Amino acid sequence: MTDLFSYNNEKNFRLVLCSEWVNLLKSEIEADYFNQILDFLNEEEESGRTVYPPTHEIFNALNLTLLEQIKVVILGQDPYHGAGQAHGLCFSVKKGIPAPPSLINIFKEIKNNTGIDLPGHGDLSNWAQQGVLLLNSILTVRAANAGSHQKIGWQLFTDAIIRTISDRTEGIVFLLWGKFACSKSEMIDASKHYILTAAHPSPFSANNGFFGCEHFSKTNEILKSIGREPIDWRI
């Protein structure tokens, strides 16, 4: 396991991020806006507000999938805001937590596309360990208040991650589901990478182009065509 870096700002708010990503994102971590994010999270904590995911899991996606391991990037928007759901991987929930509707629809598309049976849990850590970066654009949320941390600066940080991946790697498959994720395509060098877009898997939009997108088989076809191991979408 890679070394973890504990970042403490002036108010001693602690985040844990692996040293490889710390080195890649050093200029962002040292920027004023990043310290302001930590100040905001510290104030949330001091005010007794619950924030998801727990502090030690905020950077779970980065800690589980290093830059050199990335084969696929799935972009989400912000974490689940229900108790026990968010654990730092977009769309994922820990074992024992019921799968939310969007995740159920992802599993349905995998079943229809690849024949893999729907799993009995919603923990996507196995994907992350195979090189699927499960990155939310906003990394925290206040409990029971969807989108509550959209304007605290996280997108500056995660946009920098997307650009870093685009600039420093090649042959990555980006899966962009829904208008929000698709808006990030302008940061990705399409001459070096593969971009697959579809509707969001939410029940409100899955029938408008997510179901039938076949992104899971298409991703593996791309990976095999460039000599990389395909993803085992079973969890």
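Source: prediction; values computed, not measured.

Asker: Could you clarify how one ought to interpret the overall build of the protein in this entry?
Answerer: Across its full length, the protein carries nine helices and eight strands. Since a compact globule built from 235 residues should have a radius of gyration of about 18 Å, the 17 Å found for the protein is in line with a globular shape. Dimensions of the protein along its principal axes, counting C-alpha atoms only, are 50 × 35 × 30 Å. Taken across its 235 residues, the protein has 54% of its residues classed as buried. With the model as given, the accessible surface of the protein reaches about 10,700 Å², and the carbon-plus-sulfur share is 46%. Distance between charge centroids for the protein: 5 Å, based on 20 positive and 26 negative side chains.

Asker: Honestly, the packing of aromatic side chains in this entry has me stumped. Any pointers?
Answerer: One pair of aromatic rings is described through two measures. These are the centre distance and the angle between the planes. Counting across every chain of the model gives twelve aromatic pairs. Considering the side-chain rings of Phe91 and Trp177, the 5.7 Å spacing of their centres and the 55° angle between planes classify their relative orientation as tilted. Taken as a pair, Phe91 in the loop between strand S4 (72-76) and helix H5 (101-114) and Trp177 in strand S7 (residues 173-177) lie far apart in primary sequence, 86 residues in all. Look at Phe91 and you get buried, because its relative accessible area is 10%. A relative accessible area of 2% means that Trp177 is categorised as buried. Among the aromatic side chains, those forming a connected cluster through ring pairs are Phe91, Trp127, Trp177, Phe210, Phe211, Phe216 and Trp233.

Asker: So what exactly am I meant to see when it comes to the pattern of salt bridges here?
Answerer: Side-chain pairs of opposite charge can arise where the charged atoms are in close proximity. Using the criterion set out here, one finds seven salt bridges in the structure. The partner of Asp117 in a salt bridge is Lys111, and the shortest N-O contact between them spans 2.7 Å. Looking at Asp117, the relative accessible area reads 56%, which means it is exposed. One salt-bridge network, held together by shared partners, links Glu44, Arg49 and Arg142.

Asker: What is the right way to read the side chain of Ser166 from this model?
Answerer: Relative to the assigned elements, Ser166 resides in helix H7 (residues 154-168). Judged by its relative accessible area of 1%, Ser166 falls in the buried class. In this structure the side chain of Ser166 is engaged in a polar contact, spanning 2.8 Å, whose partner is the backbone nitrogen of Asp189.

Asker: Looking at this model, I keep getting lost on the packing of H5 against helix H9 (residues 215-225). Mind explaining?
Answerer: When two helices pack together, their arrangement is given by the angle between their axes and by how far apart the axes lie. Their axes nearest at 8 Å, the elements H5 and H9 cross at an angle of 60°. The angle between H5 and H9 places the two elements in the oblique class. Counting all contacts with H5, which are made through Ile106, Glu109, Ile110, Asn113 and Thr114, the residues of H9 involved are His215, Phe216 and Ser217. Looking at side-chain class alone, the contact of H5 with H9 contains three nonpolar, four polar and one charged residues.

Asker: Explanation requested: the layout of surface pockets in the structure shown.
Answerer: Empty space among the atoms becomes visible once a probe the size of a water molecule is rolled across them. Estimates place the volume of the largest pocket at around 500 Å³. Lining the largest pocket we find 33 residues, and of these Gln77, Asp78, Pro79, Tyr80 and Asn136 sit closest to its centre. At the level of elements, helix H4 (60-64), H5 and strand S5 (132-136) are the ones that each hand at least two residues to the lining of the largest pocket. Its residues placed into classes, the lining of the largest pocket shows 18 nonpolar, 14 polar and one charged.

Asker: What should I look at first to understand empty space enclosed by the protein in this one?
Answerer: Within the structure shown, the criterion is met by three cavities of 30 Å³ or more. Of the volumes computed, that of the largest cavity is approximately 60 Å³. In this structure, the largest cavity is lined by Phe107, Ile110, Lys111, Ile116, Asp117, Leu118, Pro119, Trp127, Trp233, Arg234 and Ile235. Per-element accounting of the lining of the largest cavity gives the leading share, three residues, to H5.

Asker: For this particular structure, what's the right way to read the sheet that holds S7?
Answerer: Taken together, four strands build an open sheet; the order of strands is S5-S4-S7-S8 and the sheet is parallel. Each end of this open sheet is capped by a strand with a single partner; those strands are S5 and strand S8 (194-198). Direction aside, the axes of adjacent strands within the sheet are offset by 20° on average. On top of the sheet, H7 reaches S4, S5 and S7; it is set at about 155° to S5, its chief contact.

Procedures and definitions
- Residues numbered from 1 in each chain as written.
- Predicted model: local features only at pLDDT ≥ 70, side-chain atom pairs only at ≥ 80, totals over all residues.
- Heavy atoms only, no water.
- Helix = DSSP H or I, 4+ residues; strand = E, 2+ residues; numbered from the N terminus.
- Rg over C-alpha atoms; globule rule 2.2 N^0.38 Å.
- Buried < 20%, exposed > 50% of the residue type's maximum accessible area, 1.4 Å probe, protein only.
- Areas by Shrake-Rupley, 256 points an atom, 1.4 Å probe, with all protein chains shown as cover.
- Lys, Arg positive; Asp, Glu negative; His and termini not counted.
- Charge placed at Lys NZ, Arg CZ, Asp CG, Glu CD.
- Phe/Tyr/Trp six-rings, centres within 6.5 Å; stacked < 30°, edge-to-face > 60°.
- Salt bridge = Lys/Arg side-chain N within 4 Å of Asp/Glu carboxyl O.
- Polar contact = N/O pair within 3.5 Å; in protein donor to acceptor, adjacent residues only side chain to side chain.
- Axes fitted to C-alpha atoms, helices over the stretch in contact; angles between N-to-C directions.
- Parallel < 35°, antiparallel > 145°, perpendicular 65-115°, else oblique.
- Contact = heavy atoms within 4.5 Å.
- Nonpolar A, V, L, I, M, F, W, Y, C, P; charged D, E, K, R; others polar.
- 1 Å grid on protein atoms, 1.4 Å probe; cavity = no way out; pocket = protein on both sides within 12 Å on 5 of 7 lines; lining within 4 Å.
- Points joined across faces, edges and corners; volume = space filled by probe spheres on them.
- Pairing = 2+ DSSP bridges.

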